[in-house]
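# Understanding the architecture of this molecule
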Amino acid sequence: MSNATDTPTVGGKGNYNESYARFLKAYQDFKGECPKGVTLKLQKTGARYNLLLQFKQPPTGKRLPKTANLECTPQGVIDGVRKAKLVSEALGTITSASEFWDWYDATILGKNQIEDNLITYREIFQQLEDEYFAGCNRNTGRPRSRDIVSDLSSYEATKGIYFRLFPNWDEYPSWESFKAMLYTPLRNGEQLVGSKTFKERYYILKAIAEKSPNKEHLLKQLEPINAKQTQFIKKQRIGIDAFKDWWFKTKQEAYDIRNSRHQSCRHSWLWVTGMAVMYGLRPTEIAAAVNLTKPFVTDDGITIKALSDPDNQDNYLVLGDYTYFTDSEGRKVSIKTGGRIVAPIPSPEMFEFLELKRPLLPEYSPKKGSKPKSIVGGFDATFSQRIQSMKCPVTQKYAFRRLYNLLGEKYGLPIELRARLMGHSTIVNEGKYKTEGIDATLEVLKGVSKLPIPLNVAIERLTALGVDIDSSEAKLFLGVIYQID
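Residues numbered from 1 in each chain as written. Predicted model: local features only at pLDDT ≥ 70, side-chain atom pairs only at ≥ 80, totals over all residues. Heavy atoms only, no water.

## Details of the overall build of the chain
- Helix and strand counts for the chain stand at 20 helices and nine strands.
- Sequence separation of 24 or more characterises 64% of the internal contacts of the chain that already satisfy a separation of 6 or more.
- For the chain, the exposed area adds up to about 27,300 Å²; of that, 52% sits on carbon and sulfur atoms. (Helix = DSSP H or I, 4+ residues; strand = E, 2+ residues; numbered from the N terminus. Contact = heavy atoms within 4.5 Å. Areas by Shrake-Rupley, 256 points an atom, 1.4 Å probe, with all protein chains shown as cover.)

## Concerning the sheet that holds strand S1 (residues 39-45)
- Strand order in the open sheet made by the three strands is S1-S2-S3, with antiparallel pairing throughout. Looking at the sheet topology across the chains shown, the edges are occupied by S1 and strand S3 (62-70). Averaged over all pairs of adjacent strands, the angle between their axes in this sheet comes to 45°, without regard to strand direction.
- Sheet topology places S1 next to strand S2 (residues 48-57); seven bridges connect them, and they run antiparallel. Along S2, the bridge assignment pairs Thr45 with Arg48.
- The strands that helix H3 (residues 74-93) touches are S1, S2 and S3; relative to S2, the one it contacts most, it runs at about 15°.
- Sitting on the sheet, helix H4 (residues 97-107) touches S2 and S3, and the angle it makes with S2 is about 150°. (Pairing = 2+ DSSP bridges. Axes fitted to C-alpha atoms, helices over the stretch in contact; angles between N-to-C directions.)

## A few points about the confidence of the model for the chain
- A residue-level look at the chain finds 89% of positions with pLDDT of 70 or above and a mean pLDDT of 85.
- Of the regions scoring below 50 in pLDDT, residues 1-18 engages in 46 contacts with residues more than four places distant in sequence or in other chains.
- Low pLDDT, under 50, characterises residues 113-117; the stretch is placed with five contacts to residues that sit more than four places away or in other chains. (pLDDT = per-residue confidence, 0-100.)

## Observations concerning the pairing of strand S7 (residues 322-326)
- In this structure, S7 lies alongside strand S8 (residues 332-334), joined through two bridges in antiparallel fashion. Along S8, the bridge assignment pairs Tyr322 with Ser334.
- In this structure, the hairpin formed by S7 and S8 is closed by a connection of five residues, where Gly330 is found at a positive phi of approximately 85°.

## Describing the packing of aromatic side chains
- Scanning all chains against the criterion turns up 33 aromatic pairs.
- Taken together, a centroid distance of 6.4 Å and an interplanar angle of 65° make the contact between Tyr155 and Phe163 edge-to-face.
- A relative accessible area of 12% means that Tyr155 is categorised as buried.
- A residue is classified by how much of its surface remains accessible, and Phe163, at 1% relative accessible area, is buried.
- Between Tyr202 and Tyr203, the ring centres sit 5.1 Å apart and the planes meet at 90°, which makes this aromatic pair edge-to-face.
- Of the residues examined, Tyr202 reaches a relative accessible area of 6% and is grouped as buried.
- The ring of Tyr322 carries Lys332 above its face, with NZ or CZ at 4.6 Å from the centroid. (Phe/Tyr/Trp six-rings, centres within 6.5 Å; stacked < 30°, edge-to-face > 60°. Buried < 20%, exposed > 50% of the residue type's maximum accessible area, 1.4 Å probe, protein only. Lys NZ or Arg CZ within 6 Å of the ring centre and 35° of its normal.)

## As for the environment of Ala399
- By secondary structure assignment, the location of Ala399 is in helix H15 (residues 398-410).
- C-alpha of Ala399 to C-alpha of Gly280: the two residues are 119 residues apart in sequence and 9.7 Å apart in space.
- When residues no more than four places from it in sequence are discounted, the contact partners of Ala399 are Gln236, Arg237, Ile238 and Val394.

## Digging into unusual backbone geometry
- In this model, Pro58 is joined to Pro59 through a cis peptide bond whose omega is 0°.
- With respect to the helices, strands and loops of the structure, Pro59 is situated in the loop between S2 and S3.
- Phi is positive for Asn69, close to 60°, though the residue is something other than glycine.
- Tracing the backbone through its elements, the reader meets Asn69 in strand S3.
- Overall, Asn69 belongs to the exposed group, its relative accessible area being 52%.

## Brief notes about helix H16 (residues 415-422)
- Within the sequence span of H16, burial applies to Ile415, Arg418, Ala419, Leu421 and Met422. One side of H16 holds all its buried residues, which, seen down the axis, span an arc of 165°. Facing away from the buried side of H16 by more than 90 degrees, the exposed set consists of Glu416 and Arg420. (Arc of directions from axis to C-beta.)

## What to know about the pattern of salt bridges
- This structure, assessed with the given rule, holds 16 salt bridges.
- Linking Arg122 and Asp170 is a salt bridge whose minimum nitrogen-to-oxygen distance equals 2.9 Å. Of this pair, Arg122 sits in helix H5 (residues 121-134) while Asp170 sits in the loop between helix H6 (149-163) and helix H7 (175-182), and the two are 48 residues apart along the sequence.
- Owing to a relative accessible area of 47%, Asp170 belongs among the partly exposed residues under this scheme.
- When the shortest N-O distance is used, the salt bridge between Arg331 and Glu329 registers 3.7 Å.
- For Arg331, a relative accessible area of 22% puts it in the partly exposed group. (Salt bridge = Lys/Arg side-chain N within 4 Å of Asp/Glu carboxyl O.)

## As for the packing of helix H11 (residues 260-279) against H15
- At a minimum axis distance of 6 Å, the contact between H11 and H15 shows a crossing angle of 40°. On the basis of their axis angle, the class for H11 and H15 is oblique. Together, Thr273, Ala276, Val277, Met278 and Tyr279 of H11 and Phe400, Leu403, Tyr404 and Leu407 of H15 make up the contact between the two elements. (Parallel < 35°, antiparallel > 145°, perpendicular 65-115°, else oblique.)

In structure tokens form, the structure reads like this:
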């Protein structure tokens, strides 16, 4: 593996937009990955957009756009890049024009497929697996790889577990086996319809149906089913005062632990909770920080000081693409939204209270032979176990990210910036991290009352206090604060 892949990158592309805007962003981000001579082309016909491949077409050699059975979606862009590579390879190996176009119809357009159901689940599952690992991470745009344990875990969570619900992979797709898989009861006995699992089963079945020769029949059977998720886990939240009280009490109790190793362990996980609140990070993302004790230099030569540096007043944190730990085979664990730079809540008092300039990253090493899911989620799982053992008022790790979002709003950080620093879109921020309730609203209002006031309001208040605003000293202060020439 080259050194370039080991160097953390900053500024993952992120999934900041939805619908057509999200597709257009994907198109702009990934079209450059097409091979030389074969490119993606976005063509508008009337009110309709079409995603095409453009290349020198045999036998004329004219460079023209050609339909490639691509949808105007982020996945369509990924499929387009994959097909562009196939076309480039075919142009270099197939010498007969007629042979090329026969190949193009079968491989790129999917024509002349077997229509007698002679394709098994096993074959379809293999196709879906190959396509998954030929694609890119939807959050960061990083190409997926079987050498990255996080991609193995994501494949298992989104596809593998559902493929195994089919008892006989050598059967041909049928509605009977579809229905049996879709309505397999949940192991915990909870209601199936309306659950996240039911929704995910439904959409994996649609993907399987799309590759089945009898897809029209299967899709018609799936169409009337409402797969909308209606059951959600109740979101936990914790207020700033409750968090600080718990943190301080637990910190003091840690000093009474006689075993130095256990004491150090407790201090380190408390440090992680403080980082989660002040930076809005997932615990595993903290394990990807690269400037805790040494400075980081960007590709264009900008130096970002170490968090532990006493002269560092900005306290920016640089996240790499991967955590410090790997599996026993050396395969990497990536973080959800890719490498980026994040800043803490603008509260020096809180930062100092949580002692964050003394990094105490916990030691963690996945057990040999662990499954990808356990390796990827092990750091987060250990975090959850530790805060429970320390009697934290909340058990959900995302409660700390919600507190960060609340504090960010309190200290005047716009939602666009909070979303960007947390690595998601404003839509996700509003839907998953906005803290509701009267006490949360009061917390925000207390913060807003301390934000800078407009110039005219400042003049009125100073005048009421008897300050001569026409004096040179008053004009100087107002000029500096409000940037008046």
